[in-house]
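# Secondary and tertiary structure notes
Listed here are the chains, written in short residue letters.
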Amino acid sequence: MTGVTARKRGRPPRTESADTRDRILTAAREEFSERGYDKTSVRGIAKAAGVDSALVHHYFGTKEQIFEAAIEVAFGPALGAPETVADGPLDQVGERLARFVFGVWENPTTRKPLLAIVRSAVNNDTAAAVFRRLIASQVLRRIAGRIDLPDAELRAELAAAQLVGCAMLRYVIKVEPLASADLELIIARVAPVVQGHLTGL
């Protein structure tokens, strides 16, 4: 023996763990973005990250779990929506939330991972279930908790449906004239509807 302790295949030293995990997550987001959920494989993620497939399973488990971890990080900016709802008068919440959501989509840095998430969720039931679970637990329930009105969860879901639907048509499907309309005009039209869902009769 040379004095170097052999370690198990696929497991890095502790000093490399955080960096390796980050590389895998980055590779996973890029793979899901480029190929969608169906065409992305654990082997492909491992290859893109420059690691053994066993390491991907070691850190994240199944493909579904990798997808959930990847989109939770990518979806991070959108998780500020509940705080946006709470930060100001309730009668202006529709505009604040609309401006926040469209702001996330308008930013090229946050738009790319969101596009990947939405496309995967639309095309695959497993990805849709992961996306739905994340939205429900991290965003909608927290928004509902800040509204403090009857049917708060339904109100939050209707508001989200309005905003997600507009975002899909503008940024994913790119339906004109919505796709190229001035953002301030869109917010002016959509915000009162969102406000009605959240606080209306």
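Here we summarise the structure given alongside this text. (Residues numbered from 1 in each chain as written. Predicted model: local features only at pLDDT ≥ 70, side-chain atom pairs only at ≥ 80, totals over all residues. Heavy atoms only, no water.)

### Points about the overall build of the chain
Per the secondary structure count, the chain includes 10 helices and zero strands. The linear arrangement of helices and strands in the chain, starting from the amino end, is α-α-α-α-α-α-α-α-α-α. Here the chain holds 201 residues, and 41% of them are scored as buried. For the chain, contacts bridging at least 24 residues in sequence account for 68% of all contacts bridging at least 6. (Helix = DSSP H or I, 4+ residues; strand = E, 2+ residues; numbered from the N terminus. Buried < 20%, exposed > 50% of the residue type's maximum accessible area, 1.4 Å probe, protein only. Contact = heavy atoms within 4.5 Å.)

### Focus on the packing of helix α2 (residues 42-49) against helix α3 (residues 53-60)
Relative to each other, α2 and α3 sit at 105°, their axes nearing to 8 Å. When the axis of α2 is compared with that of α3, the two are roughly perpendicular. Residues V42, R43 and A46 of α2 touch α3, and the partners they reach there are S53, V56 and H57. A per-class count over the contact of α2 with α3 returns three nonpolar, two polar and one charged. (Axes fitted to C-alpha atoms, helices over the stretch in contact; angles between N-to-C directions. Parallel < 35°, antiparallel > 145°, perpendicular 65-115°, else oblique. Nonpolar A, V, L, I, M, F, W, Y, C, P; charged D, E, K, R; others polar.)

### Digging into the packing of aromatic side chains
A full pass over the atoms with the stated rule returns five aromatic pairs. For the ring pair Y37 and F67, a centre distance of 5.2 Å and an interplane angle of 85° mean the geometry is edge-to-face. Taken as a pair, Y37 in helix α1 (residues 14-39) and F67 in helix α4 (residues 63-74) lie far apart in primary sequence, 30 residues in all. Taken together, F32, Y37 and F67 form an aromatic cluster joined through their ring pairs. (Phe/Tyr/Trp six-rings, centres within 6.5 Å; stacked < 30°, edge-to-face > 60°.)

### Considerations on the nonpolar core
One finds I24, F32, I66, F102, W105, L163 and L198 to be the most contacted residues of the largest nonpolar core, which totals 57 residues. With 11 residues, helix α8 (residues 125-147) is the largest single contributor of residues to this core. Among all residues touching F102, those that are not within four sequence positions of it are L163, C166, A167, Y171, L183, I186, I187 and V190. (Core = buried A, V, L, I, M, F, W, Y, C linked by side-chain atoms within 4.5 Å.)

### Some thoughts on the pattern of salt bridges
Under the counting rule described, the total for this entry stands at five salt bridges. Here R35 and E31 are joined by a salt bridge, their closest N and O atoms 2.8 Å apart. Here R35 pairs with E31, and both are found in helix α1, just four residues apart, close to one helical turn. By relative accessible area, which is 12% here, E31 ends up buried. Taking the shortest distance from any N to any O, the salt bridge between E184 and R99 comes out at 2.8 Å. (Salt bridge = Lys/Arg side-chain N within 4 Å of Asp/Glu carboxyl O.)

### A few points about α3
Three or more residues of α3 are buried, namely L55, V56, Y59 and F60. Burial along α3 is one-sided: seen end-on, the buried residues are contained in an arc of 105°. Within two residues after α3, G61 carries a phi angle of roughly 90°, on the positive side. (Arc of directions from axis to C-beta.)

### Here's the deal with unusual backbone geometry
Cis geometry marks the peptide bond from E176 to P177; its omega dihedral reads 10°. Mapped onto the elements, P177 comes out in the loop between α9 (152-172) and α10 (183-199). One non-glycine residue, D151, lies in positive phi territory at about 55°. Along the chain, D151 turns up in the loop between α8 and α9.

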